[in-house]
Amino acid sequence: MAQKNGLSGPELEALLYRAKEDCAHASIRAVGSPRMLGDLQVRGLESGKAIQLMGVKRREQFPPPGTEVILSILLGDEVISFCTSLMEPIIFAEGDTLFPPVLRVAWPSQVIQTHRRHDVRVATPDLPPLHATVEFGGRRLQAHLLNLTETGMGLGFTEKLSIPLKTIVEVETRLPGGDLIRSPGEVRHAEMVENEPLPLRLGLVLGPMTDQVRDTLHRFIQARRMDRSEELRKAH
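Residues numbered from 1 in each chain as written. Predicted model: local features only at pLDDT ≥ 70, side-chain atom pairs only at ≥ 80, totals over all residues. Heavy atoms only, no water.

K.L.:
Please explain a nonpolar patch on the surface as it appears in this structure.
P.N.:
Nonpolar side chains collect at one region of the surface, where Ile90, Phe92 and Phe99 lie side by side and expose about 240 Å² of accessible area between them. Note on placement: phenylalanine 99 falls in the loop between strand 6 (78–85) and strand 7 (103–106). For phenylalanine 99, a relative accessible area of 42% puts it in the partly exposed group. (Patch = residues over 30% accessible without salt bridge, like charges linked within 9 Å, V, L, I, M, F, W, Y side chains within 5 Å. Areas by Shrake-Rupley, 256 points an atom, 1.4 Å probe, with all protein chains shown as cover. Salt bridge = Lys/Arg side-chain N within 4 Å of Asp/Glu carboxyl O. Helix = DSSP H or I, 4+ residues; strand = E, 2+ residues; numbered from the N terminus. Buried < 20%, exposed > 50% of the residue type's maximum accessible area, 1.4 Å probe, protein only.)

Pasting the structure below:
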């Protein structure tokens, strides 16, 4: 569950200074827009004025100064997010290809939301379910991906079958946008729910995956967290 945090002054600056020292990953999304700028890093602070973000390519388009955006920063095991606005970026000379643009967002003046990254479920009942294929005992089973975090997932099956706890399965799903992810998973929870279209529910802990799959999963989850942040902002 997201928590609202009224950080300000030295406490807020210490948090952002830590993000700068860690070159923390960040994403921004213009309020009301589906487009996200991801793979950013916190690289500089203008105390009380602006946060500097690097990672945008020179030819990449980004919203103009004054645009209201939601900034999410991954800091250790927490995600912090808040609404702010873009300021004038730092853009180097056209011929200076070694230095890409530096985005600047206004120093936070609104309440910061924090939540633990592993607890945020980005596929939930109020979103269209993702389809998954589960390989188990020589069979390929079709399932619905009910929830997804960076360390685990919940699956629902139309079939009633028995899959023992601690069983290792292979899960494959195609994310919105076309990216395919595949990972082993260990069954940690199994439950039969009567009179439901998906009577069998499994909870998996994800196993080792390739760097490419991990990065793809991270980007997808980061994008969905941005959606959640915007929904929370509108709700309050």
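Next comes the rest of the description.
K.L.:
What's the story with the confidence of the model for the chain in this structure? I'm lost.
P.N.:
Any residue range with low pLDDT should be treated as having predicted coordinates unsuitable for detailed reading. With 77% of its residues at a pLDDT of 70 or more, the chain shows a mean pLDDT of 79. Residue range residues 118–122 is modelled with pLDDT below 50. Its contacts to residues more than four positions away, or to other chains, number 19 contacts. Throughout residues 229–236 the model reports pLDDT below 50, and contacts reaching past four residues in sequence, or to other chains, amount to 16 contacts. (pLDDT = per-residue confidence, 0-100. Contact = heavy atoms within 4.5 Å.)

K.L.:
What is the right way to read the pattern of salt bridges from this model?
P.N.:
A side chain with one charge can pair with a side chain of the opposite charge if their charged atoms come near. Within the structure shown, the criterion is met by eleven salt bridges. Put simply, lysine 166 and glutamate 186 hold a salt bridge, and the shortest N to O gap is 3.7 Å. With lysine 166 in the loop between strand 11 (152–157) and strand 12 (168–174) and glutamate 186 in strand 13 (residues 180–192), the pair connects residues that are 20 residues apart, well separated along the chain. On the basis of relative accessibility, which here comes to 57%, the residue lysine 166 falls in the exposed class. Where salt bridges share partners, they join Glu135, Arg140, Glu170, Glu172 and Arg182 into one cluster.

K.L.:
Could you clarify how one ought to interpret the environment of threonine 173 in this entry?
P.N.:
Along the chain, threonine 173 falls in strand 12. Taking the C-alpha atoms as reference points, threonine 173 and leucine 130, 43 residues apart in sequence, are found 7.3 Å from one another. Each residue touching threonine 173, except ones within four places of it in the same chain, is listed here: Leu130, His131, Ala132, Leu145, Asp179, Leu180 and Ile181. For threonine 173, the side chain forms a polar contact with the main-chain oxygen of histidine 131, separated by 2.6 Å. (Polar contact = N/O pair within 3.5 Å; in protein donor to acceptor, adjacent residues only side chain to side chain.)

K.L.:
How do you make sense of the nonpolar core when you look at a structure like this?
P.N.:
Note that soluble globular proteins tend to have their nonpolar side chains buried in a common cluster. Met153, Leu155, Phe157 and Val171 are the most contacted members of the largest nonpolar core, which has 27 residues in total. Excluding its chain neighbours within four sequence positions, the residues that come into contact with leucine 155 are Ala132, Val134, Ala143, His144, Leu145, Leu146, Val171, Leu200, Arg201, Leu202 and Leu204. Ranked by size, the runner-up nonpolar core spans 25 residues in total, among them Ala19, Ile28, Trp107 and Ile112. (Core = buried A, V, L, I, M, F, W, Y, C linked by side-chain atoms within 4.5 Å.)

K.L.:
Help me understand the sheet that holds strand 13, please; the structure alone is not making it clear to me.
P.N.:
Within a sheet, each strand pairs with its neighbour through backbone hydrogen bonds, oriented either parallel or antiparallel. A barrel is described by the order of its strands in space; here six strands give the closed sequence 9-10-11-14-13-12, paired in antiparallel fashion. When the angles between neighbouring strand axes are averaged without regard to direction, this sheet yields 45°. Pairing between strand 11 and strand 14 (residues 200–206): six bridges, direction antiparallel. Bridge assignment links methionine 153 to a residue of strand 14, and that residue is leucine 204. (Pairing = 2+ DSSP bridges. Axes fitted to C-alpha atoms, helices over the stretch in contact; angles between N-to-C directions.)

K.L.:
What is the right way to look at the pairing of strand 12 in this model?
P.N.:
Looking down a regular strand, the side chains alternate between one sheet face and the other. Of the two faces of strand 12, only one is covered, namely that formed by Val169, Val171 and Thr173; the face formed by Ile168, Glu170, Glu172 and Arg174 stays uncovered. Pairing between strand 9 (residues 130–136) and strand 12: four bridges, direction antiparallel. Residue glutamate 135 lies in a different strand from strand 12, and its bridge partner there is glutamate 170. As paired elements, strand 12 and strand 13 share seven bridges and run antiparallel to each other. In the sheet register, isoleucine 168 faces strand 13, and the bridge partner there is glutamate 186.

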